[in-house]
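Chain residues, written in single-letter form:
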Amino acid sequence: MAAPAAVAEARTRDAALDRIKTVVGPKGWIEGADAMRPYTEDWRGLYKGKARLVVKPATTEEVAGVVAICHEFGIPIVPQGGNTSLCGGSTPEDDGTAIILSLGRMHRVRNLDPANYTITVEAGCVLADVQNRAADADRYFPLSLAAEGSCMIGGNLSTNAGGTNVLKYGNARELVLGLEVVLPDGRIWNGLRGLRKDNTGYDLKQLFLGAEGTLGIITAAVLKLFPKPTDVRSAFCAVPDVASAVTLLGRARAESGDAVETFEFMPRLVVDLVLKHFPDTHDPIQTRYDQYVLLELVSTSSGESDLAAKLESILESAFEDGLVLDAAISQSEAQRQDFWKLRENASEAQKLEGASIKHDVSVPVSRIAEFYAAALKKVMAVDKTVRLVAFGHVGDGNLHYNLQAPEGSDGKAFLAQWERFNRVVHDTVVEMGGSISAEHGIGRLKREELAHYKDGVSLDLMRTVKAAIDPKGILNPGKVL
Ligand SMILES: Cc1cc2nc3c(=O)[nH]c(=O)nc-3n(C[C@H](O)[C@H](O)[C@H](O)COP(=O)(O)OP(=O)(O)OC[C@H]3O[C@@H](n4cnc5c(N)ncnc54)[C@H](O)[C@@H]3O)c2cc1C
């Protein structure tokens with residue numbers, strides 16, 4: 001028989017959950033392990049947690065009401081958007097004490113101000129929908145990543161997402177003018193201003209951008225818009241090596257008037273994996289080469305565009321100098337999309353291929369080639385049979401330096417080596433002045449790595465901020481710190 005204290009605690013907890021259900025109404029909650037599974041397990045299937053309840057508030061006031069109850073009763077909260085986190089940030093721990101607070105029902109566009117080049121959206125808006133709403137108003141929201149059909153703005157901002165257009169427009173953090181946030185005690189902070197100039201003290205929104213749900217729940221944001229591109233030209237280029245890719249990037253930026261929007265690197269193995277797992281994909285260049293870049297120039301000028309001529313001239317001179325071995329230039333939007341399918345299905349193809357160990361890292365662009373080679377040497381010293389699947393946003397110094405299990409091998413045994421590989425790859429990153437998490441965040445996956453590599457003063461400051469804003473530690477416990 002349960003002890004009286006445990007019975008009383010369970011009753012209090014049930015009463016708190018009943019109050020939460022009342023705040024969000026019958027459409028606003030889900031319970032039962034099976035029904036909650038899409039929320040308790042992560043995209044990669046690496047983290048399978050447990051939750052008491054999934055709560056789906058429809059308004060900021062409902063979020064605030066739920067959080068106030070959790071604050072009163074000390075109930076942990078895991079904020080969740082599209083649940084596409086690649087580092088276990090959006091799923092609960094195994095102890096089953098937390099509720100998941102999904103923002104999926106908060107998907108209103110509150111305002112679109114074309115003259116101010118801003119859009120105000122709720123946290124549960126799917127990224128692709130925000131892009132489309134901006135385009136309908138002849139504007140451009142440039143944040144773009146392969147998960148854009150399911151990830152949500154609140155998640156994008158909480159992870160300070162990067163993606164394919166960082167080179168030209170910056171990370172998610174740089175695309176935000178204002179935020180509305182529910183604080184861990186249930187108060188609402190209204191910082192929803194659409195100002196490009198506002199020097200009235202600390203820039204509070206920065207605390208919540210990239211905080212991975214550990215300091216507050218983002219409920220809405222004012223996002224920056226840009227002129228809509230009028231012309232886009234893409235080339236899928238075979239390059240002799242990583243160093244040539246970096247030289248090509250520098251030249252393309254200078255010679256195009258800084259019109260390079262995207263510069264993505266892919267080794268042959270990525271192309272092979274995508275072709276193998278996605279029947280609807282094609283090799284743009286018939287001859288096989290060891291590595292490729294997807295280079296895209298964009299123009300927003302009205303009138304006749306000279307982008308096609310610019311791209312051709314860049315590639316011609318690069319070809320003459322041996323920086324490019326072969327190239328396909330897209331002749332239609334459909335062909336451009338074919339190039340993109342190779343890049344955008346890279347993560348999914350890796351998942352379908354089996355076990356892999358991911359390293360989302362960055363180094364200064366000028367040291368990418370050096371990093372690539374040095375890390376490879378060390379990885380091979382650990383295990384020669386590993387397949388290197390290093391691809392990504394080389395234009396901003398970010399490589400997904402992923403290691404795929406050898407074909408037909410035991411995935412579990414391979415994943416058991418995760419820490420050994422982490423050490424060699426991350427040590428190399430740090431030696432080169434880089435970051436062990438370029439764009440995916442820390443979540444649970446890199447919590448120990450952060451503690452290992454981050455300097456003591458930074459960790460102290462981070463813990464001080466967390467304790468000041470969330471003294472009860474109820475927001476996304478066990479993540480980041
Ligand atoms: C195929 C694929 C490709 C990807 N490509 C990229 C890429 O190119 N660049 C990149 O940066 N990432 C990429 N990711 C990772 C992921 O898509 C991003 O991190 C995305 O920004 C997460 O958004 P989400 O809505 O799914 O957030 P979730 O996964 O639900 O949550 C992510 C984190 O944010 C917190 N959170 C979510 N919503 C809120 C909120 N409203 N308030 C406070 N905290 C919140 C969660 O607690 C969690 O810690 C990719 C993922 C996949 C599956």
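Residues numbered from 1 in each chain as written. Predicted model: local features only at pLDDT ≥ 70, side-chain atom pairs only at ≥ 80, totals over all residues. Heavy atoms only, no water.

Draft legend 1. Looking closely at the overall build of the chain. On a plain count of helices and strands, the chain comes out with 17 helices and 19 strands. Radius of gyration (C-alpha) of the chain: 23 Å, near the 23 Å computed for a compact globule of 481 residues. Structurally, the chain occupies a C-alpha span of about 80 × 55 × 45 Å along its principal axes. Counting contacts in the chain only where the partners sit at least 6 residues apart, residues at least 24 apart contribute 74% of the total. (Helix = DSSP H or I, 4+ residues; strand = E, 2+ residues; numbered from the N terminus. Rg over C-alpha atoms; globule rule 2.2 N^0.38 Å. Contact = heavy atoms within 4.5 Å.)

Draft legend 2. View of the site of the ligand. The environment of the ligand is formed by 36 residues, the closest being Pro79, Gly81, Thr84, Ser85 and Met152. At 2.6 Å, a backbone N or O of proline 79 approaches an oxygen atom of the ligand. Look at the ligand: alone it shows 980 Å² of surface, and the protein chains cover 98% of it. Those elements that provide at least two residues to the shell around the ligand are strand E3 (77–80), helix H5 (153–158) and strand E10 (217–224). Ranked by residue count, the leading element in the shell around the ligand is H5, at four residues. (Near = heavy atom within 4 Å. Polar contact = N/O pair within 3.5 Å; in protein donor to acceptor, adjacent residues only side chain to side chain. Areas by Shrake-Rupley, 256 points an atom, 1.4 Å probe, with all protein chains shown as cover.)

Draft legend 3. Structural view of the state of the cysteines. Per the stated rule, a full pass over the model turns up zero disulfides. Left without a disulfide partner, cysteine 87 is nearest to the cysteine sulfur of cysteine 151, which lies 13 Å away. Look at cysteine 87 and you get buried, because its relative accessible area is 2%. (Disulfide = S-S within 2.5 Å. Buried < 20%, exposed > 50% of the residue type's maximum accessible area, 1.4 Å probe, protein only.)

Draft legend 4. Up close: the pattern of salt bridges. Counting across every chain of the model gives 31 salt bridges. When the shortest N-O distance is used, the salt bridge between glutamate 41 and arginine 37 registers 3.4 Å. Owing to a relative accessible area of 36%, arginine 37 belongs among the partly exposed residues under this scheme. The shortest N-O distance in the salt bridge between aspartate 198 and arginine 193 comes to 3.5 Å. Under the relative-accessibility criterion, arginine 193 is labelled partly exposed at 39%. A network of salt bridges, in which partner residues are shared, links Arg108, Arg110, Glu122 and Glu180. (Salt bridge = Lys/Arg side-chain N within 4 Å of Asp/Glu carboxyl O.)

Draft legend 5. Just unusual backbone geometry, in detail. In this structure, tyrosine 117 is a non-glycine residue whose phi angle is positive, near 50°. At asparagine 476, a position not held by glycine, the phi torsion is positive, near 45°. Overall, the relative accessible area of 2% leaves asparagine 476 in the buried class.

Draft legend 6. Seen up close, the packing of helix H8 (residues 242–255) against helix H10 (residues 307–320). Look at H8 against H10: their axes get within 10 Å of each other, and the N-to-C directions meet at 145°. Relative to H10, the crossing made by H8 is right-handed. Facing H8, whose interface residues are Leu248, Arg251, Ala252 and Glu255, H10 presents Lys310, Ile314, Ser317 and Ala318. (Axes fitted to C-alpha atoms, helices over the stretch in contact; angles between N-to-C directions. Left-handed = near helix turned anticlockwise from the far one by under 90°.)

Draft legend 7. Looking closely at the side chain of glutamate 180. Looking at the secondary structure, you find glutamate 180 in strand E8 (residues 176–182). Polar contacts involving the side chain of glutamate 180 include one to the side chain of threonine 60, which spans 2.6 Å. Excluding anything up to four places from it in sequence, glutamate 180 contacts Thr60, Arg110, Ile188, Trp189, Gly191, Leu192, Ile217, Ile218, Thr219 and Ala220.

Draft legend 8. Fine view of the domain arrangement of the chain. Each assigned domain of the chain is listed with its residue range as follows: domain 1 (16–102), domain 2 (109–227), domain 3 (231–344) and domain 4 (354–440). Computed from C-alpha atoms alone, the centre-to-centre distance between domain 1 and domain 4 is 33 Å. Each side of the interface is counted separately: domain 1 has four residues, and domain 4 has four residues. Along the contact surface separating domain 1 from domain 4 lie zero salt bridges. For the pair domain 1 and domain 4, the interface holds one residue pair in polar contact (both at pLDDT 80 or more). For the side of domain 1 that touches domain 4, the residue count by class is three nonpolar, no polar and one charged. (Domains from an automatic or database assignment. Nonpolar A, V, L, I, M, F, W, Y, C, P; charged D, E, K, R; others polar.)

Draft legend 9. Region of the structure containing helix H2 (residues 33–40). Within the sequence span of H2, burial applies to Met36, Tyr39 and Thr40. Along the axis of H2, the buried positions cluster into a sector of 85°, meaning they face one direction only. Set apart from the buried face of H2 by more than 90 degrees, the exposed residues are Asp34 and Pro38. Against strand E1 (29–30), strand E2 (53–55), E3 and strand E4 (99–102) lie the buried residues of H2. (Arc of directions from axis to C-beta.)

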